Amino acid sequence: MTASASSARLEERKQRRKLRQQRPQRLFRAFEIPVAILWLQFILQISTVGKISGMFLLFGSLFGISYGLMLEFLVSLIPNSKVYGIVKAVVIGLLGLIMCIVYFVFGKFNTFYDLNTIFGGAGGAVGEFQNTIMRLIFCFNGIAHIILFFVPLIVNIIARVILTKKFAEVIWKERINTIVCAIVFYLVALLLARAIPSAWNTYKKEYNYTHAIERFGIFTGLRLDVKNSILGGNNDLSFDTPANPAPVVDKKNTEDTQQGTEVVEYGDNVTDIDFNALAESTSDDALAALDKYVATVTPSKKNAYTGMFKDKNLIFISAEAFSAQAIDEKLTPTLYRMANKGFQFTDYYQPESAGTTGGEYNNIFGMLPTDGGKSFKVAANNLNYMTMGWQLNKLGYWGKAYHNNTYTFYDRDKTHNTLGYSEGYMGYGNGMEKYITRKTWPESDLEMIQGTVEEYINQDHFNVYYMSVSGHSDYTFSDNYMASKHKDEVADLDASEPIKAYKACNIELDLAMEHLIKRLEQAGKADDTVIVISADHFPYGLDDGGDSVNMPYLSELYGQSIDNDIIRDQNRLIIWSGCLEKNDPVEISTPVSSIDILPTLMNLFGIDFDSRLLVGRDVFSDREALVFNVSFDWKTEYGTYISSSGKFTPASDNVVYPYGYNEEQYIDYVKTLVRNKMKYCSGVLDNDYYRHVFGE
């Protein structure tokens, strides 16, 4: 052996020995970001969801390690070791910052807001309520979480100081091992997700941002959200056919026949549009798919209530953070009167998904906001033909939309001018300031009604929309003007301060309704005017900084634990008219949600409409009751299904499912209905579908 060969072998041994000695440092370097991601996901999950599920442990770990290794690979491509260290610290710091943003936004709104909602809708809300968010940050709990989210960065900095001289430059073998491991972890996670039906449904067919976070971790939730936003993940319009389709049955007439009563044939709420022909006439695959789906939907029947409110006036109020518990015979007697002397909706829900703008979207369009907080903005560019504003405007009604907070908030100056109201939209800053005497927080619903009612009370026919604000959080007597204004009225309540403050806020709404009805009665128009009140969302401001399974004040308000979103979103719908007080109250005990308001009003007002075009139902029709939300939870007369747990709870021990279904068949049938309705909501919004159906 030559001296040069011997020297080479010796050098090779030294290099191998050096690599072995550096192995701990190299492993630390490779897994520093993956471990940071696991830590951040774990802290966020505990602090928001309140529990760690087996599915989260599995998929959160596999996907999290995969993302971390991918990031490490990308950073390791930087040849300069000093720059590499700085960039890596920045990456870890940014991950911690993202967690802080997600955590504190959740703390304010008690739900995970997707990127569309944060940047398209709630971004303004975050700015408007920055004092509340600052309070959440600069408290013990807030500071503790900031420290926890930046622990990985602190560890990184300490490691740099201690180990900087021991770190060798990254070699290509190390980079290759890193990216190969990243791919392996990702593929294993994907294969396991495919093998578990409930996981794959969340990942694909029933994707929901909140459920994705709960099952896969925040970073997978964010990745899927970005992917769907860029690639249009909501635009899958391949509608499913139920494995056990229900027969077409005229439920009402069948019941009448069985009871021996005379069958009254009212006809269908349907137009003569041939949707199959319409599908053939377009080259747009998405529009054709929507046409074909609508053609398969069975229209609802007209009924004894069809046209009951024909030619009457309409006042629709989306009431800020309203709830059934805001209705009190002593504290809010006018609301109590309206809720009990009109139609009584005893099982009503307002699905929460995108805060106030999402609730308004539900109320106005009769659809769920599948594009999150930007849904209303997207709709502003569409033909909003299927709204009460548009429909009554066609009949010559004077119409206007009002809001007593800043008129540009949630871009209402753009969105609410596209709803068909003849006189457009007014908020604080483009006219409302002449009625609101003080710019308080929140502003007065009473002052808004006192001023604006005079604009339309003498019109022959009017159609008015209000978005109220007096019921808004914070629910304290020091930070909420409406709560402090009515503090004395709630002083004797046996309740916590947030509950007292919440109920105090809603006294202002009650006074507004008292004034409104008084003016209608004075003008002789109470019997010819319909007032509708629906919440925009549950009062999430009661539990700032809470988690989704620990809402102590909301639980106190409801008098029960908040075990799921269906319970969280229970509410009360008011549809009142002076003419209804002349008759006995009519109770609607079947499950009803805000997307049912539009078809119900269209039927009551005798509007010619095609019920197949709306995902909700006229509550007086033969259509089966179905409440559902963007998380794919649902409730019918026969039971409640919670998607996150896959648990179905029958309505009673001896429930008899329709159409001869057993429980499994019925669950499969309704799950398919809900998926199709969600796809339809998305397709209508993202493809300007009504313009295709009705033209310009």
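Residues numbered from 1 in each chain as written. Predicted model: local features only at pLDDT ≥ 70, side-chain atom pairs only at ≥ 80, totals over all residues. Heavy atoms only, no water.

Trainee: Where do I start with the pairing of strand β7 (residues 529-535) in this structure?
Mentor: Within a regular strand, the side chains alternate between the two sheet faces. The buried fraction of β7 amounts to seven of the seven residues, a majority that puts the element mostly inside the structure. Side-chain alternation along β7 places T529, I531, I533 and A535 on one buried face and V530, V532 and S534 on a second face that is also buried. In this sheet, β7 lies alongside strand β1 (residues 313-319) in parallel orientation, the contact comprising seven bridges. Note that in β7 the partner of L314 across the bridge is V530. When β7 meets strand β9 (residues 574-577), the two strands line up antiparallel, connected through four bridges. Bridged to I531 within β9 is W576. (Buried < 20%, exposed > 50% of the residue type's maximum accessible area, 1.4 Å probe, protein only. Helix = DSSP H or I, 4+ residues; strand = E, 2+ residues; numbered from the N terminus. Pairing = 2+ DSSP bridges.)

Trainee: Sorry if this is basic, but what is going on with the pairing of β1 here?
Mentor: Counting buried residues in β1 gives seven out of seven residues, a clear majority hidden from the surface. Neither face of β1 is open: one carries N313, I315, I317 and A319, the other L314, F316 and S318, and all of them are buried. Across five bridges, the pairing between β1 and strand β6 (residues 462-467) is parallel. Bridge assignment links S318 to a residue of β6, and that residue is M467.

Trainee: Which parts of the structure should I look at to understand the environment of L673?
Mentor: Within the secondary structure, L673 is located in helix α27 (residues 663-686). Considering only alpha carbons, one finds L673 and D240, 433 residues apart in sequence, at a separation of 8.2 Å.

Trainee: Just to check I follow, could you spell out the nonpolar core for this structure?
Mentor: The nonpolar side chains of a soluble globular protein tend to be buried with one another. The biggest cluster of nonpolar side chains holds 81 residues, and the ones touching the most others in it are L601, W634, Y680, Y689 and Y690. A total of ten residues in this core trace back to one element, the largest contributor, which is α27. (Core = buried A, V, L, I, M, F, W, Y, C linked by side-chain atoms within 4.5 Å.)

Trainee: It is not clear to me how the pattern of salt bridges should be interpreted in this structure. Could you clarify?
Mentor: Should the charged atoms of two oppositely charged side chains come close, the side chains can pair. This structure, assessed with the given rule, holds 23 salt bridges. Close ionic contact of D411 with K377 constitutes a salt bridge, the shortest N to O distance being 2.8 Å. In this pair, D411 is assigned in the loop between β4 (398-406) and α20 (412-415) and K377 in helix α18 (residues 375-379), connecting sequence segments 34 residues apart. Overall, the relative accessible area of 22% leaves D411 in the partly exposed class. A relative accessible area of 30% places K377 in the partly exposed class. The salt bridge involving R691 is made with D688; its shortest N-O contact spans 2.5 Å. (Salt bridge = Lys/Arg side-chain N within 4 Å of Asp/Glu carboxyl O.)

Trainee: I would appreciate a short explanation of unusual backbone geometry in the present structure.
Mentor: Backbone geometry follows two general trends: most residues other than glycine have a negative phi, and most peptide bonds adopt the trans configuration. Following W441, the chain continues into P442 via a peptide bond in cis, with omega recorded as -10 degrees. Here P442 shows up in the loop between β5 (425-428) and α21 (445-456). Here S473 and D474 are connected by a cis peptide whose omega angle stands at 10 degrees. Looking at where D474 falls in the secondary structure, it is placed in the loop between β6 and α22 (481-485). With phi around 55 degrees, Y410 is a residue other than glycine that occupies positive phi space. Here Y410 lies in the loop between β4 and α20.

Trainee: Sorry, what's going on with the sheet that holds strand β14 (residues 639-642) here?
Mentor: Whenever strands of a sheet pair, they do so through backbone hydrogen bonds, lying parallel or antiparallel. The four strands lie next to each other as β12-β13-β14-β15, forming an open sheet whose pairing is antiparallel. Every other strand in the sheet has two partners, leaving β12 (627-628) and β15 (647-650) as the edge strands with one partner each. Summarising the sheet, strand β13 (residues 634-636) and β14 pair through three bridges and their orientation is antiparallel. Bridged to K635 within β14 is T640.

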